[in-house]
Amino acid sequence: MKPIGIWGWVATAILFVLLLLAPQLAPRLHLALTICTDVLLFAIAAMAVNLLLGYTGVLPFGNAAFFGLGAYGAGLSIQNFHVGFITSLVIGTLAGVVGAVLIGPFLLRRRGIYFALLMIAFGQVFYFIAYRFTNITGGEDGMNFTRPPLEGLGIHLQDAGFYYAILLIFTLVVVGFWLLVRSPFGRTLVAIKQNEVRARYLGLNTDRFIFVALMISAAIEGLAGACYGLSIMFAYPLLLDWHQSGDIVLMTILGGAGTIFGPLVGAIIYVIGEDILSTALPWWQIPLGALFVACVLGFPKGLLGTALDLLPGRKNRIEPGHDLDFAAPIIADRETTR
Amino acid sequence: MSEPLLRVENLNTYYGKSHILHDVSFEVGKGELVALLGLNGAGKTTTMRSILGLTRPRSGQVALDGVSVAGSPPHRIARMGVGYVPEGRRMFAGLTVLENLQLAENGRKGDWSIERVLQHLPKLRELSGRKAGRLSGGEQEMLAIGRAIVSNPTLMLIDEASQGLAPLIVQEVYRLIEELKQDGVAILLVEQNALLALKIADRAYVMDEGRIVYHGDAAALLKDRERIADLMGLNAGELAS
């Protein structure tokens, strides 16, 4: 991966200054601060998708299962055990990981579209569990809970305070993600994305790498879901639903899978677009859908991915895209991807 | 005679319904350089893929040092000491030269470290920070071989190392292959360019339409050009290299 250079650092610095000033800037743009919080939450969720879609080459079309498990994990632990703010987030994160450990072994048997479909199916299992077990989850009505105070300090984080807490979490996830994709592990994932068969004949147990990536992704997704639960102080079955998965995948692709800040760009456009359009138009999904279609057809690398390509000196950037071995008949690949 | 390093017995491989390999049997001894010759479509690459577990043979045996590996996943076979240099080189274009090597080394330490490979291939050291997709064909072939070496294989499968390379580069690649052989690495060298491979090989097999049609001493075959031409389905004139 190319060092991002001085302008990359400048752009990142400007971005974080804007994010820090958001509580002051948002009212002037007629945006509620909760929308800014949502942007960061969904940016975290989309980064989880990005790790699998943009860096490993598998489509987690059921990621909301982990997102919802995070929200329920946080909610149930607050309701039943009266845990603090950070503990509830940790439990939500772990709930996502547990979900991945349960379904991962089944998902790993398939690749491509079959992986995506199988993941939707398993995601829906969690949806129906939340829907059916009314006495624990509140069923379709969902469950209310209060945002617990911060451990030790006893402070209740509200409004701007909560926004800054989420911004801190977002920053930590970005830094962790950046380090991860540059690590040997991250480079191996990129190799698997480019050509899994090739990675296998070099002696890499690709199943194991994808499994670990899935668990990391589920942890990030669970964390995002737990933050979302604390943000709206509510958890409901639709958070686990495949529509929710679709929204998060859409944000990732819109912004640019395979770039660090693509998910944030996608979340900004999607969340703010939804907010503005849904108050102005009853059929607000249509323009957003059109944007998505335009994006997939015109900018397959997403808005940020395409913008980065237009920068001087990056024109001939070599993409870690997928390619095939000459000596790899398609039938043979199907037999070996197992 | 002791157990050969690689023993392939009655291998039958199919792509869907088409029967590609018909009872293919051969051996590669420890430290031996064996050429597997044949025209395009003869089944050479499929044979390699079957050995590596990339294509699962329907019947037959593949044994490495006496241990049966038919049906094992590719990563396990690779970890048993089989290095593969695929046709058309096939690097991870988005990763740098060094990253490609590190990926292949992957914790396996042995005689061949990345450092030692770079000593043998000084060109790669100069280019170690460059994306593999930006290398020339010859540089990529060097990297493909280097990548296979850093995994410290006891057996290397090399597919069409000379393909698409300028004659001078081919010489360089072949010099590297000979060095490996002197180092005690057994090599199965797949080639369409029969004369080139026979010059450095100990023994040779010739394949046609998924069958082994000839087996013999490489030096002897090299002297019998008409025989080669006949086996490879070429005119004697076409052989001149």
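How each quantity is defined
- Residues numbered from 1 in each chain as written.
- Chains lettered and ligands numbered in written order.
- Predicted model: local features only at pLDDT ≥ 70, side-chain atom pairs only at ≥ 80, totals over all residues.
- Heavy atoms only, no water.
- Helix = DSSP H or I, 4+ residues; strand = E, 2+ residues; numbered from the N terminus.
- Rg over C-alpha atoms; globule rule 2.2 N^0.38 Å.
- Buried < 20%, exposed > 50% of the residue type's maximum accessible area, 1.4 Å probe, protein only.
- Contact = heavy atoms within 4.5 Å.
- Areas by Shrake-Rupley, 256 points an atom, 1.4 Å probe, with all protein chains shown as cover.
- Pairing = 2+ DSSP bridges.
- Salt bridge = Lys/Arg side-chain N within 4 Å of Asp/Glu carboxyl O.
- pLDDT = per-residue confidence, 0-100.
- Disulfide = S-S within 2.5 Å.
- Axes fitted to C-alpha atoms, helices over the stretch in contact; angles between N-to-C directions.

Draft legend 1. Seen up close, the overall build of chain B. When helices and strands are tallied, chain B shows eleven helices and ten strands. Relative to the globule expectation of 18 Å for 241 residues, the C-alpha radius of gyration of chain B, 17 Å, shows essentially globular dimensions. Counting only C-alpha atoms and orienting by the principal axes, one finds that chain B spans roughly 45 × 40 × 40 Å. Counting only residues that meet the buried cut, chain B has 58% of its 241 residues in that class. The contacts of chain B with a sequence gap of at least 6 include a subset with a gap of at least 24, amounting to 69%. For chain B, the computed accessible surface area is about 9,800 Å², with 46% contributed by carbon and sulfur atoms.

Draft legend 2. Spotlight on unusual backbone geometry. All names here are of chain B. In the Ramachandran plot, Asp23 falls in the positive-phi region, its phi being about 45° despite a non-glycine side chain. Along the polypeptide, Asp23 turns up in strand S2 (residues 18–28). Judged by relative accessible area, which is 47%, Asp23 ranks as partly exposed.

Draft legend 3. Examining the pairing of strand S6 (residues 82–85) of chain B more closely. All names here are of chain B. On S6, burial covers both faces: Val82 and Tyr84 on one face and Gly83 and Val85 on the other are all buried. Relative to strand S7 (residues 155–159), S6 runs parallel, the two sharing four bridges. Residue Tyr84 lies in a different strand from S7, and its bridge partner there is Leu157.

Draft legend 4. Focus on the pattern of salt bridges. Going through the model one piece at a time under the given rule, you end up with 13 salt bridges over all chains. Across the pair B:Glu9 and B:Arg7 runs a salt bridge, and its minimum N-O distance is 3.2 Å. Look at the salt bridges and you will find they share partners, linking A:Arg111, A:Glu196 and A:Asp207 into a network.

Draft legend 5. Examining helix H14 (residues 302–310) of chain A more closely. All buried positions along H14(A) are accounted for by A:Gly302, A:Leu304, A:Gly305, A:Thr306 and A:Asp309. For H14(A), the elements touching its buried residues are helix H11 (242–255), helix H12 (262–280) and helix H13 (285–298) of chain A.

Draft legend 6. Spatial organisation of the sheet that holds strand S5 (residues 67–68) of chain B. All names here are of chain B. Taking strand neighbours across the sheet as the criterion, the four strands line up as S2-S1-S4-S5 in an open arrangement whose pairing is antiparallel. Of all the strands in the sheet, the pair left with one neighbour each is S2 and S5. Pairing geometry for strand S1 (residues 6–15) and S2, over seven bridges, is antiparallel. Paired with Tyr14 across the strands is His19, a residue of S2.

Draft legend 7. Local environment of the confidence of the model for chain A. On average, residues of chain A score 87 in pLDDT, and 91% of them are at 70 or above. Across residues 320–338 of chain A, confidence stays below pLDDT 50; counting only partners more than four residues off in sequence or on other chains, it has 51 contacts.

Draft legend 8. Summary view of the state of the cysteines. Going through the model one piece at a time under the given rule, you end up with zero disulfides over all chains. No disulfide involves A:Cys36; its nearest neighbouring cysteine sulfur is the one of A:Cys227, lying 16 Å away.

Draft legend 9. The arrangement of the sheet that holds S7(B) in detail. Residue and element names in this part refer to chain B. Spatial ordering of the open sheet is given by S6-S7-S8-S3-S9-S10, a layout of six strands whose pairing is mixed. Taken across any chain shown, the strands that pair with only one partner, and hence form the sheet edges, are S6 and strand S10 (211–217). When the angles between neighbouring strand axes are averaged without regard to direction, this sheet yields 15°. Summarising the sheet, strand S3 (residues 33–37) and strand S8 (residues 186–191) pair through five bridges and their orientation is parallel. Within S8, the residue paired with Leu37 across the bridge is Glu191. Together, S3, S7 and S8 form the strand contacts of helix H7 (residues 167–182), whose direction differs from that of S8 by roughly 150°.

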